[in-house]
Amino acid sequence: MRDVAERAGPLDDWEGGVNRVPYWVFSDEDVFRAEQEKLFRGSSWNYLCLEVEIPNPGDYVATHVGTTPVIVVRDFDGQIYSFENRCAHRGSLLALDDRGNARDFTCVYHAWRHSLQGDLVGVAFEEGMNGTGGMAEGFCKNNHGPRKLRVAELYGLVFGSFDEDIDDIEEYLGDEITGRVKRVLDGRDCVVLGRFTQILPNNWKLYVENTKDSYHASILHLFFTTFELNKLSMKGGILVSPDGGSHVSYSAIDREAEQSKAYQEEQLRSQSDYQLADMSLLENFKEFDDDITLQILSAFPNFVLQQIQNCIAVRQILPKGPDKTELKWTYIGFAGDTEAQQRIRLKLANLVGPAGYVSMEDGCIGGFVQRGIAGADDKEAVLEMGGTEFGNSGNRITEGSIRGFWNAYRERMQS
Amino acid sequence: MKDIDVTSDQLVAIGQLQNRYARCIDADRLEDWPDFFTDDGFYSVTSAENHRAGLPAGLIWLDGIGMIRDRVTALRDANIYERHAYRHILGQPYVDGRDEHGDTRVETSFFVVRITRDGQTDVFASGCYHDSLREVDGALKFARRVVVCDSSHIDTLLGLPL
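Keep in mind that this is a model prediction, so the values were computed, not measured.

### As for the UniProt feature "domain: Rieske" (unreviewed entry) in chain A
When the UniProt feature table is mapped to this numbering, "domain: Rieske" (unreviewed entry) covers residues 46-160 of chain A. Summarising residues 46-160 of chain A: 0% helix, 39% strand, and an end-to-end C-alpha distance of 5 Å.

### Re the confidence of the model for chain B
Looking at chain B as a whole, the pLDDT averages 95, with 98% of positions reaching at least 70. Per the prediction output, this complex has pTM 0.95; the corresponding ipTM is 0.96.

### Focus: a nonpolar patch on the surface
A contiguous nonpolar patch, built from Leu93(A), Leu96(A), Val108(A) and Tyr109(A) and spanning about 430 Å² of accessible area, is present on the exposed surface. Along the polypeptide, Val108(A) turns up in the loop between β7 (105-106) and β8 (113-114).

### Brief notes about the interface of chain B and chain A
Often the size quoted for an interface is simply the accessible area lost on bringing the parts together. Listed per partner, the contact involves 36 residues of chain B and 37 residues of chain A. Buried area between chain B and chain A, summed over both chains or domains, comes out near 3,200 Å², and the portion from carbon and sulfur atoms is 57%. Our count for the contact surface shared by chain B and chain A stands at three salt bridges. A salt bridge links Glu49(B) to Arg99(A); the nearest nitrogen and oxygen atoms lie 3.8 Å apart. Put simply, chain B and chain A have 22 residue pairs in polar contact (both at pLDDT 80 or more) between them. Elements that contribute at least two residues to the side of chain B that touches chain A include exactly β1 (37-47), α2 (48-53), β2 (60-63), α3 (65-78) and β8 (153-155) of chain B. No other element matches α3(B), which puts nine residues into the side of chain B that touches chain A.

### Comments concerning the packing of helix α4 (residues 204-212) of chain A against helix α10 (residues 400-413) of chain A
Residues and elements named next belong to chain A. Direction vectors running N to C along α4 and α10 enclose 140 degrees, while the axes themselves pass 8 Å from each other. By the angle class used here, α4 and α10 are oblique. Regarding α4 and α10, the two cross each other, and that crossing is right-handed. Listed contacts from α10 to Trp204, Lys205, Val208, Glu209 and Lys212 of α4 are Ser401, Ile402, Phe405, Trp406 and Tyr409. Split into classes, the residues belonging to the contact of α4 with α10 amount to six nonpolar, one polar and three charged.

### Examining the pattern of salt bridges
Under the defined criterion, the tally for this structure stands at 33 salt bridges over all chains. A salt bridge links Arg183(A) to Asp290(A); its shortest N-O distance comes to 2.6 Å. Taken together, the residues span a long stretch of sequence, with Arg183(A) in helix α3 (residues 175-185) and Asp290(A) in the loop between α7 (262-266) and β15 (292-299) at a distance of 107 residues. Arg105(B) is paired through a salt bridge with Asp96(B); the nearest N and O atoms lie 3.3 Å apart. Arg105(B) sits in the partly exposed class, given a relative accessible area of 32%. Residue classification places Asp96(B) among the partly exposed positions, given a relative accessible area of 25%.

### Focus: the pairing of strand β10 (residues 148-154) of chain A
Consecutive side chains along a regular strand alternate between the two faces of the sheet. Residues and elements named next belong to chain A. The pairing of strand β5 (residues 80-84) with β10 spans two bridges and is antiparallel. In the strand pairing of β10, Ser82 is matched with Leu149. Judged from the five bridges that link them, β10 and strand β11 (residues 157-161) form a sheet pairing that is antiparallel. Each bridged residue has a counterpart across the sheet, and for Leu154 the counterpart in β11 is Leu157. Adjacent in sequence and paired antiparallel, β10 and β11 are bridged by two residues, among which Tyr155 carries a positive phi angle near 50 degrees.

### Topic: the packing of aromatic side chains
All names here are of chain A. Overall, the coordinates contain 30 aromatic pairs over all chains when judged by the stated rule. Considering the side-chain rings of Phe83 and Phe105, the 5.9 Å spacing of their centres and the 75 degrees angle between planes classify their relative orientation as edge-to-face. One end of the pair, Phe83, is in strand β5; the other, Phe105, is in strand β7, with 22 residues separating them in the sequence. Overall, Phe83 belongs to the buried group, its relative accessible area being 0%. With relative accessibility at 3%, the residue Phe105 sits in the buried group. Centre to centre, the rings of Trp406 and Tyr409 are 5.1 Å apart; their planes meet at 85 degrees, and the pair counts as edge-to-face. Here Trp406 pairs with Tyr409, and both are found in helix α10, just three residues apart, close to one helical turn. When its relative accessible area of 0% is taken as the criterion, Trp406 is described as buried. Residue Tyr409 is classed as buried on the basis of its relative accessible area of 0%.

Thresholds, definitions, all that
- Residues numbered from 1 in each chain as written.
- Chains lettered and ligands numbered in written order.
- Predicted model: local features only at pLDDT ≥ 70, side-chain atom pairs only at ≥ 80, totals over all residues.
- Heavy atoms only, no water.
- UniProt positions renumbered as here; feature names shortened; annotations may be inferred.
- Helix = DSSP H or I, 4+ residues; strand = E, 2+ residues; numbered from the N terminus.
- pLDDT = per-residue confidence, 0-100.
- Patch = residues over 30% accessible without salt bridge, like charges linked within 9 Å, V, L, I, M, F, W, Y side chains within 5 Å.
- Areas by Shrake-Rupley, 256 points an atom, 1.4 Å probe, with all protein chains shown as cover.
- Salt bridge = Lys/Arg side-chain N within 4 Å of Asp/Glu carboxyl O.
- Contact = heavy atoms within 4.5 Å.
- Buried area = accessible area lost by both parts, 1.4 Å probe.
- Polar contact = N/O pair within 3.5 Å; in protein donor to acceptor, adjacent residues only side chain to side chain.
- Axes fitted to C-alpha atoms, helices over the stretch in contact; angles between N-to-C directions.
- Parallel < 35°, antiparallel > 145°, perpendicular 65-115°, else oblique.
- Left-handed = near helix turned anticlockwise from the far one by under 90°.
- Nonpolar A, V, L, I, M, F, W, Y, C, P; charged D, E, K, R; others polar.
- Buried < 20%, exposed > 50% of the residue type's maximum accessible area, 1.4 Å probe, protein only.
- Pairing = 2+ DSSP bridges.
- Phe/Tyr/Trp six-rings, centres within 6.5 Å; stacked < 30°, edge-to-face > 60°.

Structure below.
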């Protein structure tokens, strides 16, 4: 068992490499608290919103970086700013809606006013009344205000970081992964088709592992395998960012490949005779210049951009406690989609989200692990498919990108 | 505002349909669920926020009886999820007039608790059914059922239909 009293850092008991993950990282309260400080409020880029959600001056979205509430807003200078959703006075939330339009953020408690750039600009009765009362001598509004985030925009995605000195987002993701964001989003205006939140009964890192787990996708998900949407026998691979934290897994039509017998030989449930009465569910249209049918991209620590055929979505993974996570889905299309193209996206969206033929299974699998590892603080997960290191791979029968995540995670948590 | 004229017989028939639908799901007779819809029936589940904003995507978005039947076979034969059951509590149907196809528009509040394998009972969803009803061969069916959940949060997963 772990002896809490003897630990200096929250991960000190993690002695092995990234090919072994102690189960207590998914349930320990100290680890959870340290993650907030070292990862989410530390050196990481966190997804905030889509640019298209805040097109006009004053448009804002209230979201979270880890558990910290933040506002992301466009000012009249056209720039996007982000700062804590917390009054400089007594800490109350400033924005009470998830999205809206504001000229400033005035706290409802005592009407302290903050600009769209997050500066404290007004204190009610600052000078008192009739020469009495008012703020103490020497109080200076400039010295107070919610913490600000550095903001980066990447092909219509808005990210924020509490670390002013963090690498530019392109460098943070690396050229290959940045290129894969560009592949999906560049030169097009997103249109939001719908937003849903899935409450996951598990630690946030179990869901991150799941999105990076190219090994499980065609074994757990019958729809992927039976309908040839994503199989390990297809052409594809994984790309991993230099620090390991971000990744892309993709599969592509292999025009020359013969039907693989590998799945029959493994007798996998997911290779089945299951048939749909209405195959139009899986209809698609040519949207990209390449043969890539599926691309799952993650940006450390908690963002996913998904392309499954023409089903495009972003997912924001928000920790709510050691064993509770909010997974926020935003389904997107693009300005200029025809009505027929939008119908295809809406039908394909049946695969994803809380009710999705694929994603409902990822919704419960993290809970199965969370419940399974109770009482197993001295045990660890084995991550040795495809070796013990991380890096790019020409196949997806690997846990290389999960090991990469743990590398980036441990670097920051132990810094 | 004046309510449209609706006979008590019609109201009884609409109420019976709503109750039959809920009984079908709560009793795990999912194979009968598609029969509540017309052949060109539409079924979707969305949130009040998306519905207000006019966003078209659904948690579930099924256009036509084939897709509606596929939801059942997928739950039975394809998908992995933990066993669970619902109990629907329905409000009184409100008849809201006729739509452009001549179908009767009805709104009915619902409240659904979910009972999971381990015995836990949770409030799972509340909301309103926005329906268009059509008579086919003497039987009332859903030409359109849009399930508008009050919250956009879904705990773990939405397997069984609401």
